[in-house]
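This is what each chain is made of:
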Amino acid sequence: MPITTEEEIDADAIEAGRLLFAGSCDFYHGAQRLDQLPPISLPEVAFAGRSNVGKSSLLNALTGRNALARVSSTPGRTKQLNFFNLSNRLALVDMPGYGYAQAAKSVKEDWQGLMFAYLRGRPSLRGVMLLLDARVEIKASDEAVIELFDRAAILFQIVLTKIDQVKPAVLARKRAEIDALARKHPAALHLVLPTSSETGAGIAELRAVLAGLAA
Ligand code: GDP
């Protein structure tokens, strides 16, 4: 059952998340183009975020495997969708980071083209985890991606990263800002997940949410 509120992240949900991530997690496919997507099998959850948001660190913290994000950062694999099989119950899909200030327009259009086609046309996609850095403002590129989620009618959930770097008051403001954002977007789930790959805060909760989307 998908988890949509904080209250649903109870002890049972945390345990389900722990069990899911206690299993294996292996890279099985990379796709640079739509015609390279793997056949549909497992339910999928994609991870998206600006470059440097902390996506690799979060994937490592979630799975407890450094090898995972290393795969995605291998030259040639940074610009593709990387698929990881988690315990044969869920595919974690690492999307390329977006928002390079210096990227050419054509690169941005490529990103949007592939991502939008994937998001819109993938029946096995259960949702997207959109990572936002707790320390920085929401950028135009984040808003553009949220726009894509809306147009593709794909549910997305906001995961705040690096919360160890912000004071509680700043975090509270950030959450209010995101709640307001979620209200404006039909595809946004209102549950915001604050995490830190550094301290491990929020990792068990995120695993619980992912277990709610697994087979
Ligand atoms: P990616 O480009 O989104 O994959 O980002 P990385 O995972 O490579 O992280 C970018 C930078 O942020 C690195 O220097 C990380 O050490 C740092 N970082 C990532 N997560 C955290 C976190 O939870 N806390 C802190 N303090 N730093 C983090």
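You'll find the structure just up there.
The rules we used
- Residues numbered from 1 in each chain as written.
- Predicted model: local features only at pLDDT ≥ 70, side-chain atom pairs only at ≥ 80, totals over all residues.
- Heavy atoms only, no water.
- Helix = DSSP H or I, 4+ residues; strand = E, 2+ residues; numbered from the N terminus.
- Rg over C-alpha atoms; globule rule 2.2 N^0.38 Å.
- Buried < 20%, exposed > 50% of the residue type's maximum accessible area, 1.4 Å probe, protein only.
- Contact = heavy atoms within 4.5 Å.
- Lys, Arg positive; Asp, Glu negative; His and termini not counted.
- Charge placed at Lys NZ, Arg CZ, Asp CG, Glu CD.
- Expected span 1.5 Å × (residues − 1).
- Arc of directions from axis to C-beta.
- Core = buried A, V, L, I, M, F, W, Y, C linked by side-chain atoms within 4.5 Å.
- Phe/Tyr/Trp six-rings, centres within 6.5 Å; stacked < 30°, edge-to-face > 60°.
- Lys NZ or Arg CZ within 6 Å of the ring centre and 35° of its normal.
- Pairing = 2+ DSSP bridges.
- Axes fitted to C-alpha atoms, helices over the stretch in contact; angles between N-to-C directions.
- Near = heavy atom within 4 Å.
- Polar contact = N/O pair within 3.5 Å; in protein donor to acceptor, adjacent residues only side chain to side chain.
- Areas by Shrake-Rupley, 256 points an atom, 1.4 Å probe, with all protein chains shown as cover.

Thoughts on the overall build of the chain
Then comes step 1: Within the chain, the secondary structure is distributed over seven helices and seven strands.
Then comes step 2: The C-alpha radius of gyration computed for the chain amounts to 16 Å, which stays within 12% of the reference 17 Å derived for 215 residues, consistent with globular compactness.
Then comes step 3: Taking the principal axes of the C-alpha coordinates as reference, the chain spans close to 40 × 35 × 30 Å.
Then comes step 4: For the chain, buried positions account for 48% of its 215 residues.
Then comes step 5: Partitioning the intrachain contacts of the chain with sequence separation of at least 6 by distance along the chain shows that 77% fall at a separation of at least 24.
Then comes step 6: Computed over 25 positive and 23 negative side-chain charges, the inter-centroid distance for the chain is 6 Å.

Description of helix 5 (residues 140-152)
Then comes step 1: Helix length check: helix 5 (13 residues) gives 18 Å between terminal C-alpha atoms against 18 Å at 1.5 Å per residue, within 8%.
Then comes step 2: Among the residues of helix 5, those classed as buried are Asp142, Val145, Ile146, Leu148, Phe149 and Ala152. Buried residues along helix 5 cover an arc of 150 degrees about the axis, so they all sit on one side. Opposite the buried face of helix 5, by more than 90 degrees, sit the exposed residues Ala140 and Arg151.
Then comes step 3: The positive-phi residue at the C-terminal boundary of helix 5 is Ala153, with phi of around 55 degrees.

Focus on the environment of Gly121
Then comes step 1: Tracing the backbone through its elements, the reader meets Gly121 in helix 4 (residues 105-121).
Then comes step 2: The class for Gly121 is exposed, based on a relative accessible area of 53%.
Then comes step 3: With 104 residues separating them in the primary sequence, Gly121 and Gly17 have C-alpha atoms 27 Å apart.

Describing the nonpolar core
Then comes step 1: Among the nonpolar cores identified, the biggest contains 39 residues, and Leu81, Tyr118, Leu119, Val128, Leu130 and Phe156 are the most heavily contacted of them.
Then comes step 2: Top contributing element to this core by residue count: helix 4, with six residues.
Then comes step 3: Residues contacting Tyr118, with those up to four places away along its chain left out, are Leu34, Leu37, Glu44, Ala46, Leu81, Phe83, Val93, Met95 and Leu125.
Then comes step 4: Formed by 29 residues, the second largest nonpolar core is a distinct cluster that contains Ile3, Ala13, Val159 and Leu206.

Re the packing of aromatic side chains
Then comes step 1: Scanning the model with the defined rule gives four aromatic pairs in all.
Then comes step 2: Members of the aromatic cluster, each reached through a chain of ring pairs, are Tyr28, Phe83 and Tyr118.
Then comes step 3: We note Arg151 situated over the ring of Phe116; from NZ or CZ to the ring centre the distance is 4.5 Å.

Considering the side chain of Lys174
Then comes step 1: In this structure, Lys174 sits in helix 6 (residues 168-184).
Then comes step 2: Beyond its immediate chain neighbours, meaning those up to four positions away, Lys174 contacts Asp133, Ala134, Val136, Glu137, Ile138 and Leu160.

Details of the sheet that holds strand 2 (residues 44-49)
Then comes step 1: One open sheet accounts for seven strands, arranged 1-3-4-2-5-6-7; its pairing is mixed. The open sheet has two edge strands with one neighbour each: strand 1 (25-31) and strand 7 (188-194). Strand-to-strand twist of the sheet, defined as the mean angle between neighbouring strand axes without regard to direction, takes the value 25 degrees.
Then comes step 2: Here helix 5 sits on the sheet and contacts strand 2, strand 5 (125-133) and strand 6 (156-161); the angle it forms with strand 5, its principal contact strand, is near 165 degrees.

Here's the deal with the site of the ligand
Then comes step 1: Neighbouring the ligand are 14 residues, the closest being Asn52, Lys55, Ser56, Ser57 and Asp164.
Then comes step 2: Between Asp164 and the ligand, the recorded distance is 2.8 Å, taken from a side-chain N or O atom to a nitrogen atom.
Then comes step 3: Contact between the ligand and Glu198: an oxygen atom at 3.4 Å from a main-chain N or O atom of the residue.
Then comes step 4: In isolation the ligand has 570 Å² of accessible area, and contact with the protein removes 69% of it.

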